[in-house]
Amino acid sequence: MAATNETHDVGLSSWVSAANAVDTDFPMQNLPFGVFRRHGDDEPFRGGVAIGDQILDMAACVKGGFFDGVAAAAAAAAAEPTLNSLMALGPSHWSALRLAASRLLRTGSANQTAGAASLVPMDEVEYAVPSAIANYTDFYTSLDHATNGGRLNRREPPLFPNFKHLPVAYHGRASSVTISGAPCRRPWGQIVRPGADGPSFEPARMLDYEMEIGAYVGVGNPMGYPIPLAEADQRLFGLCLLNDWSARDIQGWEMAPLGPFLSKSFMTSVSPWVVTMEALAPFRMAAANRGADAPALSPHLNDPTDRLDGGLDVTVDVYLLSERMRADGLDPALRSRGYFRKNYWTVFQMMAHHASNGCNLQTGDLYGSGTVSGPSREEMGCLLEITDRGALTFELPGGETRAFLEDGDEVIFRGQCLRDGFATIGFGECRGRVAPAHDG
Ligand code: MN
């Protein structure tokens, strides 16, 4: 477990009453950062800290002069329309601002009255993507996802030989990373239908989600210089939930030999709140057991601290809600539950590997973990695996069946960290509804 401090104390309570509810994602011990503004308003986006059902407005805190020194400098950076300036400042600033926000929001704070005037209710806001993302990379680091995928593609053995040697990835598309809640328009693409001689150009029929953990780079590295694995956790700002929407029929035809392209670049959704690495400290744990057959780790991916506490105990539930379920007043249906602690590579190994050739990671860059999956269908993080590429269907409450996503289907991820002796913290939601393809 990484170091904890007074901000993690399970005994802390807040004068924001909703932050003390047992089922809140945003208790005193979480304090994630996001970018928001009141909806229906022309006011600028700015950073804020989630507390219960409220947001502590960083711009209002700066105006109110609540913080001093390093924390004040960090708050000024956080008041900008993206979190990039805050992310670039590094862990001492992130930590000072977290401590100052914690002291302002906790029960007994001397600044309660002024602090209360700096809150904006969550139900009055819209969110923006938290950082200006110059680069987005998607990894492929769940052993079960890779094995299930290999089995579905009838590879023998199912795992590519590189999987246990390095965290596999491709460069994704930064411009189409979109905030939770935005509709996902069904993409058109070149598709080879079963039995067809060649491809046709049409809307994707095998539209899928991928449940992933997203990671934001705080402090990057100059080009030509790697990031040692032992330094990665000082450079990583925080984590979010990420949906790597994927059109399997487009992907199946296009990805040889260079990897996914238009089958994924049409959209990637991220949750509004970035849970900082400091907030996640109590939920660090040993990296997943690599198994007796694992090859020796390459030096740049091998660090004793990473083996000891590079793992992260984040649980993510995937819910589906169809148009008809919505009309019938049904609740979203739990489809699966994934456990990030089982991931073969840690978020720190992903960062160190990304920079290991001297590639410069930049402040605000985003990378995805790859689909978080497990061996059972209840743990699989995408429909490709759950339905064996559409061969199996499953039933939704109300009796509809699904193999892949239909228009009007909404995909909702909810993430949580739980550990005895610590407050449970949540990631909030990452959601998106499938909109019909354009007319062509
Ligand atoms: Mn993916």
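Residues numbered from 1 in each chain as written. Predicted model: local features only at pLDDT ≥ 70, side-chain atom pairs only at ≥ 80, totals over all residues. Heavy atoms only, no water.

A. View of helix α6 (residues 143–152). Every buried residue of α6 is listed here: H145, A146, N148, G149, G150 and L152. If you follow the buried residues of α6, they end up packed against β6 (136–140) and α12 (383–386). (Buried < 20%, exposed > 50% of the residue type's maximum accessible area, 1.4 Å probe, protein only. Helix = DSSP H or I, 4+ residues; strand = E, 2+ residues; numbered from the N terminus. Contact = heavy atoms within 4.5 Å.)

B. Layout of the coordination of the manganese ion. Within the protein, the atoms that donate to the manganese ion are D138 (OD), E210 (OE), E212 (OE) and D244 (OD), at distances of 2.1 to 2.2 Å. We classify E212 as buried; its relative accessible area is 0%. (Donors = N, O, S within 2.8 Å, 3.2 Å for Na, K, Ca; no water.)

C. A look at the sheet that holds strand β9 (residues 184–185). Strands sit in the order β9-β26-β25-β20-β21 across an open sheet of five strands; the sheet is mixed. Unpaired on one side and paired on the other, β9 and β21 (333–339) mark the two borders of the sheet. As paired elements, strand β25 (residues 410–417) and strand β26 (residues 425–435) share eight bridges and run antiparallel to each other. In the sheet register, Q416 faces β26, and the bridge partner there is G426. (Pairing = 2+ DSSP bridges.)

D. View of the packing of helix α2 (residues 69–78) against helix α4 (residues 91–105). Closest axis-to-axis distance for the α2/α4 pair is 8 Å, and the angle between their directions is 95°. Relative to α4, α2 is oriented roughly perpendicular. Each of V70, A71, A73, A74, A75 and A78 in α2 lies in contact with α4, whose residues at this interface are S92, H93, A96, L97 and A100. The residue makeup of the contact of α2 with α4, split by class, is nine nonpolar, two polar and no charged. (Axes fitted to C-alpha atoms, helices over the stretch in contact; angles between N-to-C directions. Parallel < 35°, antiparallel > 145°, perpendicular 65-115°, else oblique. Nonpolar A, V, L, I, M, F, W, Y, C, P; charged D, E, K, R; others polar.)

E. Representation of the sheet that holds strand β1 (residues 33–38). What the five strands build is an open sheet, ordered β4-β3-β2-β1-β5; its pairing is antiparallel. Edge positions in the open sheet fall to β4 (119–121) and β5 (125–128), since each of these has one partner strand only. The sheet shows a mean angle of 50° between the axes of neighbouring strands, taken without regard to direction. For β1 and strand β2 (residues 46–51), the ladder comprises four bridges, and the chain directions are antiparallel. Looking at β2, one finds that F36 is bridged to R46. Here α4 sits on the sheet and contacts β1, β2, β3 (54–57) and β4; the angle it forms with β3, its principal contact strand, is near 120°.

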